[in-house]
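# Structure at a glance
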Amino acid sequence: MRKIGVIGGGAAGMMAAVAAAEQGARVTILEANDRLGKKILSTGNGKCNLGNEKLDSEEYYTGEPGLLKECLERFSTGDTVGFFQKTGLLIKSKNGYLYPASEQAASVLDVLRFEVAAAGIEVVTGCRAERIEAARGPAEQTEAAAGCHAERSGQIKGTDRNDGTGGIRVQGGGKSFVFDRVIIAAGGRAAPRTGSDGSGYTLARQLGHSLIPTVPALVQLKCRENFFKSVAGVRADAELSLMSGGECTARERGELQLTEYGISGIPVFQISRQVNYRLLRENEVEIRIDFLPDYTPEAYERLYISRMLLQGQRTVEEFFTGMLNKKLMQLFVRLAGLKPTEDVDTADREKLKQVFALCRRFAVHVTDHNGYDSAQVCAGGVPLSEVTGNLESVKAKGIYFAGEILDVDGRCGGYNLQWAWTSGYIAGTAAAKKGR
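Below or above, wherever it landed, is the structure these notes cover. Just so it is clear, the model here is predicted, and its values are computed rather than measured.

## Re the sheet that holds strand β22 (residues 399–401)
Spatially, the five strands line up as an open sheet ordered β7-β2-β1-β13-β22, and their pairing is parallel. The open sheet is flanked by β7 (122–124) and β22, the only strands paired with a single partner. This sheet shows a mean twist of 20 degrees between the axes of neighbouring strands, independent of strand direction. Pairing between strand β2 (residues 26–30) and β7: three bridges, direction parallel. Paired with Ile-29 across the two strands is Val-123, which belongs to β7.

## A short note on the pairing of strand β5 (residues 91–94)
Bridge count for β5 against strand β6 (residues 97–100) is four bridges, and the pairing is antiparallel. Paired with Ile-91 across the strands is Pro-100, a residue of β6. Linkage of β5 to β6, two consecutive antiparallel strands, is achieved through a turn of two residues, within which Asn-95 is found at a positive phi near 55 degrees.

## A closer look at the pairing of strand β17 (residues 247–258)
Where strand β16 (residues 235–244) and β17 come together, 10 bridges link them in antiparallel fashion. Within β17, the position partnered with Ser-241 by the bridge is Arg-251. Between β16 and β17, which pair antiparallel and follow one another directly, the connecting turn spans two residues, one of which, Gly-245, has a positive phi of 60 degrees. Note: β17 against strand β18 (residues 262–264), two bridges, orientation antiparallel.

## Re the sheet that holds β6
In spatial order, the strands read β3-β6-β5; together these three strands make up an open sheet with antiparallel pairing. Strands with a single pairing partner mark the edges of an open sheet, and in this sheet they are β3 (51–52) and β5. Both β3 and β6 contribute to a ladder of two bridges, which runs antiparallel. Bridge pairing in β6 links Asn-52 to Tyr-97.

## Let's talk about helix α8 (residues 297–309)
Between its first and last C-alpha, α8 extends 19 Å over 13 residues, near the 18 Å set by a 1.5 Å rise per residue. Regarding α8, the residues found buried are Ala-299, Tyr-300, Leu-303, Tyr-304, Arg-307 and Met-308.

Here is what the cut-offs are and how they apply
Residues numbered from 1 in each chain as written. Predicted model: local features only at pLDDT ≥ 70, side-chain atom pairs only at ≥ 80, totals over all residues. Heavy atoms only, no water. Pairing = 2+ DSSP bridges. Helix = DSSP H or I, 4+ residues; strand = E, 2+ residues; numbered from the N terminus. Axes fitted to C-alpha atoms, helices over the stretch in contact; angles between N-to-C directions. Expected span 1.5 Å × (residues − 1). Buried < 20%, exposed > 50% of the residue type's maximum accessible area, 1.4 Å probe, protein only.

Rendered as structure tokens:
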């Protein structure tokens, strides 16, 4: 019976462990936290968007889209639904976004924990893997005789001895474990309070892997302008354009949220990856916001003309009332250099035009992000070019990777959890089957 060690008990780690156990392997999860799956509880605002019916590799970022596509075809959204249905979890779709019927992330975590227990998988909590290396001798000749004896209590008695019987040695938590195969599913750097503190990258480096620089993704952005406190709390349907040299390099639309520090909301999350990689080499990045994205240029010009015809005896403030959120219009009037109380018929026409222009081309300048603590996912990591189609390391035989530690990150909408299920299943199944 092959002995498999899984480093990390998050979504990818638990899926990998269950998949390996289904192939008849003896599996141990080494988890740094005091319990499994803490990060799952915070996904989807606590509702756990566990997948998406529109599964497409173009919804992801990676340096190896071909390999990613192959992986997603091997374990797709349908496979995810089938897996969870077998656990007893009811799933519902909201416009293609998949959630547990309970709309509680705890339901997803509970059924995964039940599966781990039912499969007889040993769980060692409070054990952060600190070092990994190949033990001496051929791993195929042993069931990790130099390793640890697994007790039903879930506690494993380790040894610091390497007697040459082979395997892969993992040290952590004051113990030493030897396995036939190891799956590293320790996460990235996003939400470090849940255990994703980047320690998996240290293990990858020990094995000779390179790393794509990491940045927070699906995260709020901080801006340098000093007027954000006056519009904090405003929500609006808007289109965001990421600018570079006067050209748009990315565009996102959705509900924008203005905060005291800058911008947030789904379109900001979607574009944050590109922004944060730019910030690695630039001091600030410009984003232009269109608060009336449904208007064509021609329709907007007609709006301007018709509104000017209705000016009457109104003040500037009264004239612009009803166009957008009141806080926004007050800000635009101020930025254009107009006074809210002055009469429209005597106001500077160019300044009035500037207010209209700000509704369509409102530029803000991003200088930072809200950090890994607030990020939903981490971009970068171990390149897919350094793993096989089964997600086995090309640098160290018998080592597999799954989840966020790999250089794969998706957009909002359940894509990152789908990658956890997909990569966990592939790595777990391959690790247990290889060499049989």
